[in-house]
Amino acid sequence: MGLLQKACETYDCHIRLVGLPQAGEKKETLAPVSHILTSAQIEITLNQDGKFRSAKAIDKKEPKIVIPVTEESGGRSGTNPRPHPLCDQLKYLAGYDAKKYEGYVTQLTQWAESSCGHPKLRPILNYVKSGTILADLAQSDVIQLDEKGHPKEEDAMVCWRVVGLDSNESDACWQDQSLFRAFIDYYRAKMEGQGKELCMVSGTLSRPAIQHPKGIAPACGGNAKLISSNDENGFTYRGRFTADWQAATIGYEASQKAHNALRWLIANQGTLIGGRAFLCWNPQGRKTCSATGPFRVNKTPITEPTEYREDLHKTLMGYRNLLPDSAGVVIAAFDAATTGRLSMTYYNELMGSDFLQRLHDWDAICCWPNLQGAIWAPSLYQIVNDAFGTCQNGQLKTDNRVLKQQVQRLLSCRLDRARFPSDIKDMLVRRASNPQAFDENIWRKVLFTACTVLKKYDFDRNGEEWSMALEPGKQDRSYQFGRLLAVMEKVERDTYTDNENREPNAIRQMTIFCRRPMYVTANLEKQLEQAYLPRLRPRSRVFYKNMIGQIMEEIDKFPENQRNRPLEPSYLMGYYLQRSALYQKKENEQNEEDSKQ
């Protein structure tokens with residue numbers, strides 16, 4: 001099945017929520033068929049006879065409302081936009097634009113006089129025909145008129161409230177379920193005479209949609225349409241078909257259900273990254289986890305790898321209790337190249353068990369001890385931002401065009417079990433090897449992400465899982481050189497005063513070190529012997545000299561002609577783990593001294 005089928009299935013599974021306001025801040029309503037969500041700026045209250053009672057301006061923070069639309073008005077644009085059946089902009093309700101006004105009144109009259117009419121329609125129609133709307137709104141200080149008597153805010157959307165009717169439904173037209181049903185029945189009966197075609201979404205014979213709804217992802221595409229074929233002079237379908245309907249035939253109701261469901265899902269469950277909407281959901285409404293964020297929900301720091309794996313397994317079992325193995329998960333991404341065209345840039349369907357297992361497996365490998373020693377898996381956003389971001393106001397920020405594209409690449413790796421991209425790995429390694437290009441805190445985060453990615457990259461290519469604990473005897477030349485760099489950095493830092501925060505020589509020469517390790521090591525050792533080791537306490541001096549000697553013994557096991565070759569990226573992991581071990585040792589010694597006192 002495809003996107004539209006899954007969206008229709010979602011709509012049908014949540015039919016009980018259609019038209020009902022959703023609990024929670026910024027939660028959107030699932031719009032009924034032949035209805036859309038929009039923001040209203042003016043609310044007018046009438047009595048049962050259509051007499052004006054009051055009017056007020058609506059705050060921008062108020063949630064969007066449900067209004068009925070025809071197929072033409074729901075996707076209106078261009079020079080001849082059609083009026084909505086009930087709630088519409090001021091320029092359609094006031095009489096100064098005769099064409100728009102007559103179109104609105106005629107349409108509302110037809111609905112009100114049909115067998116599917118509603119008690120609220122006649123009062124609204126009578127009031128609009130009275131022609132006093134501009135004067136009433138101006139007198140209520142809701143709008144301002146120009147010298148011609150026209151409203152300065154003619155695009156303001158007006159919604160209606162009718163009081164005094166003997167009804168159990170809400171006075172507000174945008175909350176009246178019976179009004180929703182009345183328009184659905186009216187519009188279905190009005191379109192009944194049109195021909196039927198095979199709907200490629202539902203598989204049934206139904207009236208085909210001529211226009212499709214717009215604005216299903218306002219945050220990334222404005223009013224962009226997912227399906228459009230009005231470019232008869234361009235290349236939308238020319239060369240393959242002679243008419244748009246030959247490309248695909250989608251029933252009106254199927255189109256309405258699918259688009260309304262997608263808008264509802266994107267607004268309430270989507271994640272916006274770089275202007276692209278990433279969506280992950282179960283059509284039956286089962287809870288799913290984010291496909292772009294960390295899998296673990298427990299924020300408690302975990303320092304032991306075995307405990308981390310156990311916690312990941314507990315998380316997996318917890319999600320499986322909420323999402324049965326047989327339940328399906330749909331993952332999609334949407335982006336708009338222009339304000340008028342929306343594209344689906346990624347799509348996948350997975351069984352619930354497979355989806356959860358893939359997220360689990362990614363976080364089980366793509367993880368590393370963070371700056372505080374807690375094992376953590378960075379989000380896809382963090383990986384991309386650390387790899388491509390530029391420093392702005394003390395933090396990394398990535399251009400949206402790069403961010404969304406690279407996050408989607410990693411999403412595909414995570415869900416499709418593809419290999420980690422080598423270019424992203426190389427970018428992180430280069431950045432982590434150039435600490436002077438960043439503030440220290442930013443560089444430490446980049447280094448953490450680089451080690452995480454290196455662990456994942458080597459596992460994908462070689463099946464080797466690097467240990468997250470220090471391995472002093474590891475037979476890896478680059479790893480041992482990284483350890484050596486960390487020790488020489490720590491020696492110099494131990495001589496600093498409390499107010500001294502300059503970068504040690506080891507860090508300043510890190511870029512050269514990874515290309516000519518033996519050359520830089522000789523220079524650093526000479527500096528340590530002359531300027532820094534003599535300033536340490538005897539016990540510390542002996543400790544560091546022994547450690548440097550032990551590391552050099554490991555390096556000497558490799559052939560002499562290999563020692564000064566450029567280092568592999570694994571030196572970063574040796575550096576990171578050795579540095580963490582040294583600072584952990586110092587912290588433990590400090591705690592012991594404090595306990596004795």
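Residues numbered from 1 in each chain as written. Predicted model: local features only at pLDDT ≥ 70, side-chain atom pairs only at ≥ 80, totals over all residues. Heavy atoms only, no water.

Undergrad: Break down the overall build of the protein for me, with residues and values.
TA: The secondary structure content of the protein amounts to 21 helices and 16 strands. A compact globule built from 597 residues should have a C-alpha radius of gyration of about 25 Å, whereas the protein, at 33 Å, is more than 25% larger. When its C-alpha atoms are laid out on the principal axes, the protein stretches across 100 × 55 × 50 Å. Looking at the protein alone, contacts between residues at least 24 apart form 68% of all its contacts between residues at least 6 apart. Looking at the protein as shown, the accessible area adds up to about 29000 Å², and 46% of this sits on carbon and sulfur atoms. Placing the 79 positive and 73 negative side-chain charges of the protein at their respective mean positions leaves the two points 3 Å apart. (Helix = DSSP H or I, 4+ residues; strand = E, 2+ residues; numbered from the N terminus. Rg over C-alpha atoms; globule rule 2.2 N^0.38 Å. Contact = heavy atoms within 4.5 Å. Areas by Shrake-Rupley, 256 points an atom, 1.4 Å probe, with all protein chains shown as cover. Lys, Arg positive; Asp, Glu negative; His and termini not counted. Charge placed at Lys NZ, Arg CZ, Asp CG, Glu CD.)

Undergrad: Lay out the packing of helix α12 (residues 380-388) against helix α14 (residues 422-432) in plain terms, naming residues and giving numbers.
TA: Two elements in contact, α12 and α14, have axes whose closest approach is 8 Å; the angle formed by their N-to-C orientations is 55°. One way to sum up the angle between α12 and α14 is to call them oblique. As for how α12 packs across α14, the hand of that crossing is left-handed. Along the contact surface, α12 presents Ile383, Asn385, Asp386, Ala387 and Phe388, while α14 presents Ile424, Met427, Leu428 and Arg431. Residues that form the contact of α12 with α14 fall into these classes: six nonpolar, one polar and two charged. (Axes fitted to C-alpha atoms, helices over the stretch in contact; angles between N-to-C directions. Parallel < 35°, antiparallel > 145°, perpendicular 65-115°, else oblique. Left-handed = near helix turned anticlockwise from the far one by under 90°. Nonpolar A, V, L, I, M, F, W, Y, C, P; charged D, E, K, R; others polar.)

Undergrad: So, the sheet that holds strand β11 (residues 328-336): which residues are in play, and what are the values?
TA: Backbone-to-backbone hydrogen bonds join strands into a sheet, with any given pair of strands oriented parallel or antiparallel. Across the sheet, four strands lie side by side as β9-β10-β11-β12; this open sheet has antiparallel pairing. Every interior strand has two partners, whereas the edge strands, β9 (271-273) and β12 (342-351), have only one. The sheet shows a mean angle of 15° between the axes of neighbouring strands, direction not considered. Looking at chain direction, β11 and β12 are connected through nine bridges and run antiparallel. Along β12, the bridge assignment pairs Ile331 with Asn348. Its contacts with the sheet put helix α11 (residues 352-365) on β10 (276-281), β11 and β12, and the angle it makes with β12 is roughly 105°. Across the face of the sheet, helix α13 (residues 400-416) comes into contact with β9, β10, β11 and β12 while running at roughly 20° to β12. (Pairing = 2+ DSSP bridges.)

Undergrad: Describe the environment of Phe513, naming the residues involved and giving the relevant values.
TA: Tracing the chain through its elements places Phe513 in helix α18 (residues 510-513). Once the C-alpha coordinates of Phe513 and Lys91 are considered, the two residues, 422 residues apart in sequence, prove to be 71 Å apart. Those residues in contact with Phe513, other than ones at most four positions away along the chain, are Phe481, Leu485, Val520, Thr521 and Leu567.

Undergrad: Can you explain the packing of α11 against helix α15 (residues 440-462)? Please cite residues and give values.
TA: Running from N to C, α11 and α15 point in directions that differ by 115°, and their axes come no closer than 8 Å. Contacts between α11 and α15 involve Trp362, Ala364 and Ile365 from the former and Lys455, Lys456 and Phe459 from the latter. Across the contact of α11 with α15, the residue classes tally to four nonpolar, no polar and two charged.

Undergrad: Could you give an account of the packing of aromatic side chains, with specific residues and numbers?
TA: Evaluation of the coordinates by the stated rule reveals 15 aromatic pairs. Judged by centre distance (5.7 Å) and plane angle (15°), the rings of Phe183 and Tyr187 are stacked. On the criterion of helical spacing, the pair formed by Phe183 and Tyr187 is a turn pair, its members being four residues apart in helix α7 (residues 177-190). Among the residues examined, Phe183 registers a relative accessible area of 1% and is labelled buried. The class of Tyr187 is buried, set by a relative accessible area of 3%. Aromatic side chains Phe543 and Tyr544 sit 5.3 Å apart centroid to centroid with 65° between the ring planes, which places their arrangement in the edge-to-face category. Here Tyr544 falls in the buried class, since its relative accessible area comes to 5%. (Phe/Tyr/Trp six-rings, centres within 6.5 Å; stacked < 30°, edge-to-face > 60°. Buried < 20%, exposed > 50% of the residue type's maximum accessible area, 1.4 Å probe, protein only.)

Undergrad: If you had to explain the side chain of His360 to someone new, which residues and values would you point to?
TA: Considering the arrangement of structural elements, one finds His360 in helix α11. Each residue touching His360, except ones within four places of it in the same chain, is listed here: Phe295, Leu312, His313 and Leu316.

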